[in-house]
Amino acid sequence: MASNTEDGKSFARRDRLLEIESQVQKWWEENEIFRADSLKTPPKLGERFFGNFPYPYMNGYLHLGHAFSLSKLEFASAYHRLRGVNVLLPFAFHCTGMPIKASADKLSREIKTFGDPPVFPSSTDDQINEPDTEIVEEVAKTAGKFKGKKSKAASKASSSKFQWEIMRSYGLSDAEISQFQDPYKWLTYFPPLAMEDLKAFGLGCDWRRSFITTEVNPFYDSYVRWQMRKLKKMGKIVEDLRSTIYSPLDGQPCADHDRASGEGVQPQEFTLVKMEVIPPFPPKLRALEGRRKVFLAAATSRPETMYGQTNAWVLPDGKYGAFEINDTDVFILTERAALNLSYQKLSRVPEKPSCLAELTGHDLIGLPLKSPLAFNEIIYTLPMFSLLLDKGSGIVTSVPSDSPDDFMAFHDLKTKPVLRAKFGIKEEWVLPFEIIPIIDDPEFGDKSAEKICKDYGIQSQNEKDKLAEAKELIYRGGFYEGTMLVGEFAGMRVKEAKNLIKSKLLELGQAVIYSEPATKVISRSGDECVVALTDQWYINYGEPEWKQQAKDCLASMNLYSSEARHSFEDTLNWLEQWACSRSYGLGTRLPWDEDFLIESLSDSTLYMAYYTVSHLLQKGNLYGSDTSSVKPEQMTDEVWDYILCGSPFPESSDICSCLLKKMKQEFEYWYPFDVRTSGKDLIRNHLTFCVYNHTAILDKRYWPRGFRSNGHLLLNSEKMSKSTGNFKTLREAIQEFSAEATRFCLADAGDGMDDANFAFETVNAAILRLTKELSWMQEVIEGEGSFRKGPCSTYADHVFANEMNIAVQMTEKNYSEFMFREALKTGFYDLQAARDEYRFSCGKGGMNRDLLWRFMDVQTRIITPICPHFAEYVWREVLRNEGFVVKAGWPEADTPDLTLKLANKYLQDSIVSFRKLLQKQVSGSKKADRSAENRPNLGLIYVSEQYDGWKAECLKILQSKFDAETREFAPDNEILEALQQSDVWQGGNFKEIQKLCMPFVKFKKDEAIAVGVHALDLKQPFGEIEVLEENLELIKRQLGLEEIEILSAADSDAVEKAGQYSSVLLQNQPSPGNPTAIFLFE
């Protein structure tokens, strides 16, 4: 147990919660509270709930980001369990893929380089991030068919933090850390710790069903092999040659979860135009003249514009090279682009760029070129200062007719002799060349770049933001609406001609296809990824018939937000083949090609069904090492087909038939799952893969019912990051704040797909709130005899009872819709406020005992999903109830009286208003003595319960012109016309009436838009005078007055009572829902 004092601060309240949590967890474990078993009778809709969460990688401790996404499932499951539903919440641990193997190998390299234990240099330099040749070769040997050499450019790691230091941060000793060079050590160390943390968190999990992945677990291994064989047999897995993001160091494709950064990045394709260098060659290339064809290789996404080339661009200080592509061709481009090409079968030595000459942009300026399709027979290489070397090939074709960047850069060289002289540019390289119209844009004409630069007032190539905006505008318009003016496809729409022109260039050998990652991708091994053409096994996502099945499934699912649905639909539209095999990492072997492993996003798409039988196979053993009931080899494809796919009973199986039938019963009882919660980043891969695999393998009745996606979790409004120290593991959070306060803060953090925020201020306040509430309840129990007995008899009683009914109803709605922040508001904050208001409102009469006991019962039950330890302790130790609150049932409640709620709001708002009026009147008094003896002791409250006359007429018109659903009014001219035709305007002075009415109309319009249609009612749905008179004692107590009279503003005798303050009454006239008051000395 942590100390009650640390650094002079008291942690007694936190420690009290930790004590409660430990005690309650023992109760739950002893009674197997979260054990979930199927029933022989199939469940009716709503009788059972099965939710799951993407199993986390076991390369470290769980952190608050994991806990946030998981909390959505935990709160929902706890809510259903509370209602009496049979709930299954299982949890497993993902060890497949690269994260563990990459970390283990990184540790090995550090030990080899710096010793065991290592002695690191005082500052991190590049060489420690760059593996030496021996290490690269060692990794390449393990990479199987995808063997690759590591280039210097691609060897930069994404982070300079040593793996050894990371392991130390986990509290491991140096002697222990060395053991983690073995990747399988991670599998035995971190999953049990994660389980400990989740139990401490209070996760309502059936731990019998937990397991780890990879071939270490023979039962799960059997399951994944069955799944992959089934997909292959159905034609869903194919072998193909295609472009994929690839790690040269690992020697294999790098999928999303193999990446340290760049998740979701896809290959981007360019047309690499071969611009032939015309002899004589410059000195650095002279050795190639007559022996090789040398090309500047320009990457473009707009091959249709090549007719209008006036020059080529290079970055003057940029580093380039002349790289061998084959025995005849040499390409001049950047080393980064050459590396990508070498993995796309465009290098004389595969996967190893061969550089014949190192060059700078200055070496290339003035080179004469012959470029495909260009109307200018010879063009020249010129300098551009904004050119980027980390995109494309570092060589750019210039088409100033349709590119704002090209137009401004070319214009600068044409009009600035000093600039030309600076780079030794001859006039004949620039001045003779004019803009060539090639595309007609309906909006910007046939010289769209020139037109838009003039429209935007762009004066220089340095105005990057304006140029980017202009480029986006005319590229989009030119592509969709433009028409070709030149070439064999003249008259054709650009969007139709583009691919035809591209195909022509490729057929004539004047261009090649070049791909690179759309943005930088760093693998978990620390190298920069390329795009490679790989002969690979792919899952054929995107196949038309399969895609339609996935769309049908998605259409029937509850995704909880339109934003999530749009993201899924977008992913289904672009997702195609997915490389499913790897040669490096951990996992299950590809059944028909054991040299390969199934990658981590392909062995995790159908495992939710495995949860239904895992406890029967693994007997509660994480690693599947208990084979007392079933042996892994007995789990044949026929057995899996019988359990999951409705195939005939496997007569050849030697597994006990009763066990087989039990497994089938478990699956059919629990499937389909009701919801899977996760971060929104998994929509574009894992969750969509899940839909695809379910529709391919399982019957339609077992397709998923729902996904609930959330945003990322910020920590104190900043991104969680280990490197900045703004990071917290789940274990640390529980130790520092307690599980209950952590859960409370996670619920409060946010509900939608926007990023949520875990605030230390909130979590610390939760500790205080929960412990104070516990103390208050104990005090109430001890003081039971002091409370008023009997049924509800006062206005405050009825209001409090009604507020509890509202809380029960609204919180149930919020829980069911996964709106847990709202559930916390309606089921805790609002309920607490109602209790506090009741305590004050009761005054001398005291509080009703039965209402207080009902409050404690209701509060305890409806906070249970979020704070189950707190609620369980209160249920058993404070309220002395039998059983467990987590299964106690949702509290019953009467239908809320919404009129009473409005009446109470009216009362409370009125008291606040009266207090302000009293303060204003006292502070504005001319009397010098403002002591208590000279304070007013009589309050006159004036009420106007109904609008009449012209105000009533205006309101009726506004009611007819208001849409209650959208909270929008008809146009002002329509409202004014209706007013002019009404009785209000008839026979009166138009301007005077308009001056009188319009401010009132505007006020009521604004009010209706803010609060709803009831703002336009002629009177309140309750008697205002009756409400105020029934609460006179409360009002007097709140205002500190001896006497109060409730008067009608329509009663002239009552108005006369205001005496000298009648002018105040006239200035602040009451209206329905807004009484006013004046205060007198009696």
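Everything numeric in this text was worked out from a predicted model, so none of it was measured.

Colleague: Account for the overall build of the chain, with residues named and values stated.
Modeller: For the chain, the helix and strand inventory stands at 36 helices and 35 strands. When the backbone C-alpha atoms are referred to their principal axes, the chain occupies close to 115 × 90 × 60 Å. A total of 1082 residues make up the chain; the buried ones form 55% of that total. Taking contacts inside the chain between residues at least 6 apart in sequence as the whole, the part at least 24 apart equals 76%.

Colleague: Describe the nonpolar core, with residues and values.
Modeller: Phe91, Phe93, Met167 and Phe758 are the most contacted members of the largest nonpolar core, which totals 121 residues. A per-element tally of this core places helix H2 (residues 64–82) first, with 9 residues. Leave out the neighbours within four places in its chain, and Phe91 touches Phe53, Pro56, Leu70, Leu198, Leu203, Cys205, Trp207, Ser210, Phe211 and Tyr611. One finds Met228, Cys553, Leu590 and Leu606 within the second-largest nonpolar core, a separate group that totals 73 residues.

Colleague: How would you explain the pattern of salt bridges if you had to name every residue and give the values?
Modeller: Tallying each qualifying case throughout the model produces 58 salt bridges. A salt bridge links Glu666 to Arg209, with the nearest nitrogen and oxygen atoms 3.0 Å apart. Separated by 457 residues along the polypeptide, Glu666 in helix H20 (residues 657–670) and Arg209 in the loop between helix H7 (183–201) and helix H8 (218–233) bring together distant segments of the chain. Of the two residues, Glu666 and Arg209, neither departs from the other in class, the shared state being buried. Two residues, Arg336 and Glu516, come together in a salt bridge whose shortest N-O distance is 3.0 Å. Note that Arg336 is positioned in helix H9 (residues 335–342) and Glu516 in strand E19 (residues 511–517), a separation of 180 residues in sequence.

Colleague: How would you summarise the packing of helix H23 (residues 739–749) against helix H28 (residues 868–878) if you had to cite specific residues and measurements?
Modeller: Running from N to C, H23 and H28 point in directions that differ by 125°, and their axes come no closer than 8 Å. Judged by the angle between their axes, H23 and H28 are oblique. Taking contact as the criterion, the partners of Ala739, Glu740 and Arg743 in H23 are, on H28, Pro868, His869 and Phe870. Its residues placed into classes, the contact of H23 with H28 shows 3 nonpolar, 1 polar and 2 charged.

Colleague: Outline the sheet that holds strand E35 (residues 1076–1080), listing residues and values.
Modeller: Across the sheet, 3 strands lie side by side as E34-E31-E35; this open sheet has mixed pairing. Each edge of the open sheet carries a strand with a single partner, namely strand E34 (1043–1048) and E35. Averaged over all pairs of adjacent strands, the angle between strand axes in this sheet comes to 20°, irrespective of strand direction. By the bridge criterion, 6 bridges tie strand E31 (residues 938–943) to E34 in an arrangement that is parallel. When the bridges of E34 are listed, Tyr942 appears paired with Leu1047. Across the sheet, helix H29 (residues 898–923) touches E31 and E35, and the angle it forms with E35 is around 40°.

Colleague: I'd like a rundown of the pairing of strand E12 (residues 329–333), residues and numbers included.
Modeller: Successive side chains on a regular strand alternate, one facing one side of the sheet and the next facing the other. Counting buried positions along E12 yields 5 of 5 residues, so the element is predominantly enclosed. In this sheet, E12 lies alongside strand E9 (residues 293–300) in parallel orientation, the contact comprising 4 bridges. When the bridges of E12 are listed, Leu296 appears paired with Ile332. By the bridge criterion, 4 bridges tie strand E11 (residues 319–324) to E12 in an arrangement that is antiparallel. Residue pairing in the sheet places Glu324 in a bridge with Val330 of E12. Count of turn residues in the E11/E12 antiparallel hairpin: 4 residues.

Colleague: Residues and numbers for the sheet that holds strand E21 (residues 530–539), please.
Modeller: In spatial order, the strands read E6-E5-E21-E22; together these 4 strands make up an open sheet with antiparallel pairing. The sheet is open, and its two borders are formed by strand E6 (252–253) and strand E22 (578–579), each paired with just one other strand. Where E21 meets E22, 2 bridges bridge the pair, whose relative direction is antiparallel. Residue pairing in the sheet places Tyr538 in a bridge with Ala579 of E22.

Colleague: Got a sec to walk through the packing of aromatic side chains? Specific residues and values, please.
Modeller: Counted by the stated rule, this structure contains 72 aromatic pairs. Aromatic side chains Tyr541 and Phe689 sit 4.7 Å apart centroid to centroid with 15° between the ring planes, which places their arrangement in the stacked category. Remark: Phe689 occurs in helix H21 (residues 683–697) and Tyr541 occurs in the loop between E21 and helix H16 (544–556); sequence separation between them is 148 residues. Phe689 carries the same exposure label as Tyr541, and that label is buried. The rings of Tyr55, Phe211, Tyr220, Tyr223, Trp226, Tyr607, Tyr610, Tyr611 and Trp640 are connected pair by pair, giving a single aromatic cluster. The ring of Phe295 carries the charged tip of Lys274 above its face, separated from the ring centre by 4.9 Å. For Arg849, the ring lying beneath its charged end belongs to Trp853, and the centroid distance is 4.0 Å.

Colleague: Quick rundown of the packing of helix H22 (residues 730–737) against H23? Include the residues and the values.
Modeller: The geometry of H22 relative to H23 is characterised by a closest axis approach of 7 Å and an angle of 115° between their N-to-C directions. One finds that H22 runs roughly perpendicular with respect to H23. Contact residues: Ala733, Ile734 and Phe737 in H22; Ala739, Ala741 and Thr742 in H23. Residues belonging to the contact of H22 with H23 are distributed by class as follows: 5 nonpolar, 1 polar and no charged.

Colleague: I'd love a proper account of the side chain of Glu666, names of residues and values included.
Modeller: On the accessibility criterion, Glu666 (0% relative accessible area) is buried. Filtering out sequence-adjacent residues up to four positions away, Glu666 remains in contact with Asp37, Ser38, Arg209, Thr612, His615 and Leu616.

Colleague: Let's hear about unusual backbone geometry: which residues, and what values?
Modeller: In this chain, Asp116 is followed by Pro117 through a cis amide linkage whose omega measures 0°. Although it is not a glycine, Glu351 sits at a positive phi angle of roughly 60°. Here Glu351 lies in the loop between H9 and strand E13 (355–360). Of note, Arg967 is a non-glycine position whose phi angle comes to about 55°, a positive value.

Colleague: Run through the confidence of the model for the chain, naming residues and quoting values.
Modeller: Counting all residues, the mean pLDDT for the chain is 90, and 94% of those residues have values of 70 or more. Within the model, pLDDT remains below 50 along residues 124–159, and this stretch shows 75 contacts once partners closer than five positions in the same chain are excluded.

Colleague: So what's going on with the pairing of strand E25 (residues 593–598)? Which residues, and what values?
Modeller: In the sheet, strand E23 (residues 581–582) pairs with E25 via 2 bridges, with the strands oriented antiparallel. Counterpart to Ser581 in the pairing with E25 is Ile598. Note that strand E24 (residues 589–590) and E25 share 2 bridges and pair antiparallel. Bridge pairing in E25 places Leu590 opposite Asp593.

Colleague: Account for the side chain of Thr534, with residues named and values stated.
Modeller: The topology assignment puts Thr534 in strand E21. Classification of Thr534 by relative accessible area gives buried; the value is 3%. Only 3.1 Å separates the side chain of Thr534 from the side chain of Tyr538, close enough to count as a polar contact.

Colleague: Please give an account of helix H3 (residues 99–114) that cites residues and values.
Modeller: Taking 1.5 Å of rise per residue, the 16 residues of H3 would be expected to cover 22 Å, and the 22 Å separating its terminal C-alpha atoms lies within 8% of that figure. With 12 of 16 residues buried, H3 is to be regarded as a mostly interior element. Residues of H3 that are buried include every one of Pro99, Ile100, Lys101, Ala102, Ser103, Ala104, Asp105, Leu107, Arg109, Glu110, Ile111 and Phe114, and no others. Looking one or two places after H3, you find Gly115, whose phi comes out positive at around 100°.

Conventions used here
- Starting from 1, residues in each chain are numbered consecutively following that chain's sequence as written.
- At least 70 in pLDDT is required for a residue's local features to be given in this predicted model, at least 80 for side-chain atom pairs to be given and counted, and no such filter applies to totals for whole chains, interfaces and linings, which use all residues.
- Excluded from the side-chain calculation are hydrogens and water; included are all heavy atoms of the structure.
- Secondary structure follows DSSP: runs of H or I at least 4 residues long count as helices, runs of E at least 2 residues long count as strands, and numbering of each begins at the N terminus.
- Using a 1.4 Å probe on the protein chains alone, a residue whose accessible area is under 20% of its type maximum counts as buried, one over 50% counts as exposed, and one in between counts as partly exposed.
- In this description, contact between two residues means that some pair of their heavy atoms is separated by no more than 4.5 Å.
- Put simply, buried Ala, Val, Leu, Ile, Met, Phe, Trp, Tyr and Cys residues joined by side-chain atoms within 4.5 Å make one nonpolar core.
- Should a side-chain nitrogen of Lys or Arg be within 4 Å of a carboxyl oxygen of Asp or Glu, the pair is scored as a salt bridge.
- Note on method: axes are straight lines fitted to C-alpha atoms, helices fitted across the in-contact stretch only, with angles between N-to-C directions ranging 0 to 180 degrees.
- Here the word oblique covers every angle except those under 35 degrees (roughly parallel), over 145 (roughly antiparallel) and from 65 to 115 (roughly perpendicular).
- Each residue receives one of three labels: charged for Asp, Glu, Lys and Arg, nonpolar for Ala, Val, Leu, Ile, Met, Phe, Trp, Tyr, Cys and Pro, and polar for the others, Gly being one of them.
- When DSSP finds at least two bridges between two strands, those strands are taken to pair.
- Within 6.5 Å between ring centres, the rings of Phe, Tyr and Trp (the latter by its six-membered ring) count as paired, and their orientation is classed by plane angle as stacked under 30 degrees, edge-to-face over 60, tilted in between.
- For a lysine, the NZ atom is tested; for an arginine, the CZ atom; a charge sits over a ring if that atom is within 6 Å of the ring centre and within 35 degrees of the ring normal.
- Think of pLDDT as the predictor's per-residue confidence, scored from 0 to 100.
- Each polar contact in these results corresponds to two N or O atoms within 3.5 Å; when the atoms are within protein, one needs to be able to donate a hydrogen and the other to accept it, and residues that are neighboring in sequence are counted only if both atoms are side-chain atoms.
- One less than the residue count of a helix, multiplied by 1.5 Å, gives the span that helix is expected to have.

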